[in-house]
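# Structural overview for review
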Amino acid sequence: MDTFIHLTVSGLTNGLILALAALGFVLIYKASDVINFAQGEFLLVGAYFIYAFIVQFGFPWPLSLAFTLLLAVILGVLVERLVLRPLIGEPIISIIMATIGLSSLLRAFVSMIWGNVPRSMPPFIPSQPVRLGPATVTADRLWAVAIAVVILALFTVFFRFYKEGIAMRAVADDQQAAMSMGVSVSKIFAWAWSISAVVAAIAGALLANIVGVGPELASFGLHVFPVVILGGLDSIPGALLGGLIIGLIESYVGGYIGLGLHQVIAFVILVFILMVKPYGLFGQERIERV
Amino acid sequence: MDSGVFFTTYQADMALRRTPLQKLRLALFILFVLVFPFIGNNYGVFLMNQIGIATIGALGLNLLVGYTGQISLGQGAFLAVGAYTAGVLVTKLGVPWYVTLLIAPLFTAFVGAVFGIPSLRLKGLYLAIATLAAQEIIIWIVTHWDSVTGGVHALVVPPPMLFGVPINRDRYFYWLIWGTVGFTALTIANLLRTHYGRAFVAIRDHDIAAEIMGIDIFKYKVLAFALSSFYVGLAGALIAHWRSIVTWERFTIDVSIVYLAMIIIGGLGSISGSLFGAAFMTLLPAVINNVGMAFKDVFPRLEEWIPYLQQALFGLIIILFLIVEPRGLHKFWQDLKNYFKLWPFSY
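Residues numbered from 1 in each chain as written. Chains lettered and ligands numbered in written order. Predicted model: local features only at pLDDT ≥ 70, side-chain atom pairs only at ≥ 80, totals over all residues.

### Focus: the overall build of chain A
Regarding its fold elements, chain A presents eleven helices and two strands. Helices and strands in chain A line up, N terminus first, as α-α-α-α-β-β-α-α-α-α-α-α-α. Here chain A has a C-alpha radius of gyration of 19 Å; the compact-globule value for 290 residues is 19 Å, and the two agree. Its C-alpha atoms give chain A principal-axis dimensions of about 55 × 50 × 35 Å. Within chain A, buried positions represent 50% of all 290 residues. Restricting to contacts in chain A with at least 6 residues of sequence separation, those with at least 24 account for 75%. (Helix = DSSP H or I, 4+ residues; strand = E, 2+ residues; numbered from the N terminus. Rg over C-alpha atoms; globule rule 2.2 N^0.38 Å. Buried ≥ 20, exposed ≤ 12 C-beta atoms within 10 Å, placed from the backbone. Contact = placed C-beta atoms within 7 Å.)

See the structure below:
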């Protein structure tokens, strides 16, 4: 029973961080129909930025976080302007390859500046163990859960009640119609990319605190695919639920079955979902028949 | 002066090489390939072997992505299937190496067809993600099936023997590799002239229109996956015999991406483009490496930066090509030919 609770708690916390990474992904797809294969690298860059500010420059953590988020906004806008804007209207393979090229570029820059050796990070969020009923968790994981929940809630509210959020949904639904109603589509794209970079940077900062910084953080980018396919590519509640389910399944499979099966189980689920219900739990179905 | 290319017979119209100049260029290229091992140094022959294998793989991938329009991120895994099948057949079952050059591609074609089945319902982005899953699953199986593949340890393949002589040098292998390149290019060029090839192109251009014209989309999509994987498996089997060591690190998702980059930079839906792309992506890291080593005395940190520079330039070149010339090196080559065709009166 103890193992079960322990696995559940660690699965839920991992799942929420996955959900955060997936959220940035979904935001971009929702607004601009672009699949961002560089999401993991956004996360990586965010983690290294906060590492640089806290450890190398010695700033206090709130200031560091503010700078990191500012840089993330700049990164998002730059990427949208320089890479994705010229490719509007190109076939899907071009866009996929452009974001893959971007991921390679970002990873190379991170390695050039900080090298390839993983580094530990002095925790800026307290990480002492906390007893939670029969299970023990570290406090930073609880913080990660709280932050993830708050951010996900904020975005749900943002998309429902704020003008920019509604404009983003309009652009996602039909770009031409949105444009004719006076929504600036290019501005919305820039918004989507910078928000997505910010969310990724937050997830990166949380991960840096929990596991330290290293180039392997970028592998989260590929891990996001099962989550978003399960939840539906254009659904924010789907990202949350998908993240939790995948996190839990990986945790249980790793704990009860072992054999390294937890590394691949998410992709097996992914294939299964694509065969049975390709638009996921909450994704919008676009049916096309002959 | 030419105002166009005109044919008076159907044979001339359907020929693979239609003008004297095209024939001359092909003859020059074949001559170069035939002479190269006698004039090139060891490093050059090694690079040419790499280019040859990359060309076979890129041609196979281009058949699927460039001609049929099905995006695949599973190239690396299919290479692994070919390489491990060949390696396991030789080491565990004692099958002669030339037989594995047939069995390994056939088995890879079967695996490719199985992972092509989701294309019944999926296209574009979703298919790309499904092939990404195929990549991860196949590599996981390879690294965890210890009793057959040796798991994370390398599988050592003995050098192939021909008439009692081991073919263990790059110069001997050169002939096998470039012979296979010729076979691949010829069969694919001919395949594209049959109704199968035309069906592939029709599916790429508009799948619904293709289905209305009586093309069984599912059958042809799975066939495209199988045929493409056949050639990829052939490239994998050659890798196993040539490098004589098979490890999973050679077949990761990064390899899939490099192959996709080859056909995009070379030109989607073009046979010569696959060769250009394969040569470009093989020579780029080699050139960066050599330039970096040459300047390492001037900039002391350059040497440790070489792998990162390779990675950065790789990403940058993909993005630049997509933005500046999405149709790749093949288009440059065509523009160049057109320019000189009417030179000096290019308008």
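Picking up after the structure, the text goes on.
### Re the overall build of chain B
In terms of helices and strands, chain B carries 15 helices and four strands. Relative to a compact globule of 347 residues, whose C-alpha radius of gyration would be 20 Å, chain B shows 21 Å and is just as compact. C-alpha extents for chain B along the principal axes are approximately 65 × 60 × 45 Å. The buried share of chain B, reckoned over its 347 residues, is 44%. Restricting the contact set of chain B to residue pairs at least 6 apart, pairs at least 24 apart contribute 75%.

### Describing helix H6 (residues 163-173) of chain A
Residue and element names in this part refer to chain A. Along H6, the residues that are buried comprise Ala167, Met168, Val171 and Ala172. Down the axis of H6, the buried set is contained in an arc of 140 degrees. They therefore lie on one face. Exposed positions of H6 whose direction lies more than 90 degrees from the buried face are Lys163 and Asp173. Buried-residue contacts for H6 involve helix H1 (2-32), helix H5 (139-161), helix H7 (175-180) and helix H8 (185-211). (Arc of directions from axis to C-beta.)

### A few points about the interface of chain B and chain A
Size of an interface: often given as the accessible area lost when the parts come together. Taken together, the contact pairs 36 residues of chain B with 35 residues of chain A. Those elements that provide at least two residues to the side of chain B that touches chain A are helix H6 (125-144), helix H10 (207-212), helix H12 (253-266) and helix H14 (302-324) of chain B. When its residues are assigned to classes, the side of chain B that touches chain A shows 29 nonpolar, four polar and three charged. (Nonpolar A, V, L, I, M, F, W, Y, C, P; charged D, E, K, R; others polar.)

### Section: the confidence of the model for chain A
Low pLDDT marks regions whose predicted coordinates should not be analysed in detail. When pLDDT is averaged along chain A, the result is 85; 97% of the residues meet or exceed 70. Element-level mean pLDDT values for chain A span from 73 in strand E2 (residues 135-138) of chain A up to 91 in helix H3 (residues 61-84) of chain A. (pLDDT = per-residue confidence, 0-100.)

### Structural notes on the nonpolar core
Most often, soluble globular proteins keep nonpolar side chains buried together rather than apart. Ala19, Ala21, Ala22 and Ala47 of chain A together with Ala80 of chain B are the most contacted members of the largest nonpolar core, which has 198 residues in total. With 18 residues, H8 of chain A is the largest single contributor of residues to this core. If near-sequence neighbours (up to four positions away) are discounted, Ala47 of chain A is found in contact with Gly204, Ala205, Leu207, Ala208, Val213 and Leu217 of chain A. (Core = buried A, V, L, I, M, F, W, Y, C linked by C-beta atoms within 7 Å.)

### Describing the packing of helix H4 (residues 75-93) of chain B against helix H11 (residues 217-243) of chain B
All names here are of chain B. In contact at an axis separation of 7 Å, H4 and H11 are set at 55 degrees when each is read in the N-to-C sense. Between H4 and H11, the crossing angle belongs to the class labelled oblique. The interaxial crossing formed by H4 with H11 has right-handed handedness. In contact with Gln75, Phe78, Leu79, Ala80, Val81, Gly82, Ala83, Ala86 and Gly87 of H4, H11 contributes Ser229, Val232, Gly233, Leu234, Ala235, Gly236, Ala237, Ile239, Ala240 and His241. (Axes fitted to C-alpha atoms, helices over the stretch in contact; angles between N-to-C directions. Parallel < 35°, antiparallel > 145°, perpendicular 65-115°, else oblique. Left-handed = near helix turned anticlockwise from the far one by under 90°.)

### Overview of H1 of chain A
Residues and elements named next belong to chain A. The end-to-end C-alpha separation of H1 is 45 Å, in line with the 45 Å expected for 31 residues at 1.5 Å each. Where burial is concerned, most of H1 is hidden: 22 out of the 31 residues are buried. Positive backbone phi, approximately 60 degrees, marks Asp33, located one or two places after H1. (Expected span 1.5 Å × (residues − 1).)

### A closer look at the packing of helix H9 (residues 220-231) of chain A against helix H10 (residues 236-257) of chain A
Residue and element names in this part refer to chain A. Packing of H9 against H10 brings their axes to within 7 Å, and their N-to-C directions diverge by 125 degrees. When the interaxial angle is binned, H9 and H10 end up oblique. Considering how the two elements wind past one another, H9 and H10 form a crossing that is right-handed. Here Pro226, Val227, Val228, Leu230 and Gly231 of H9 come into contact with H10, specifically with Gly238, Ala239, Leu241, Gly242, Gly243, Ile245 and Ile246. Across the contact of H9 with H10, the residue classes tally to eight nonpolar, four polar and no charged.

### Details of the environment of His223 of chain A
Residues and elements named next belong to chain A. Within the secondary structure, His223 is located in helix H9. Between the alpha carbons of His223 and Leu87 there is a distance of 26 Å; along the sequence they are 136 residues apart. Among residues more than four places away in sequence, those in contact with His223 are Leu18 and Ala266.

### What about the confidence of the model for chain B?
Residues and elements named next belong to chain B. In the predicted model, chain B carries a mean pLDDT of 88, and 98% of its residues have values of at least 70. Ranking the elements of chain B by mean pLDDT puts strand E3 (residues 165-166) last with 73 and helix H3 (residues 42-67) first with 94. Scored as a complex, the prediction yields pTM 0.90 and ipTM 0.87.

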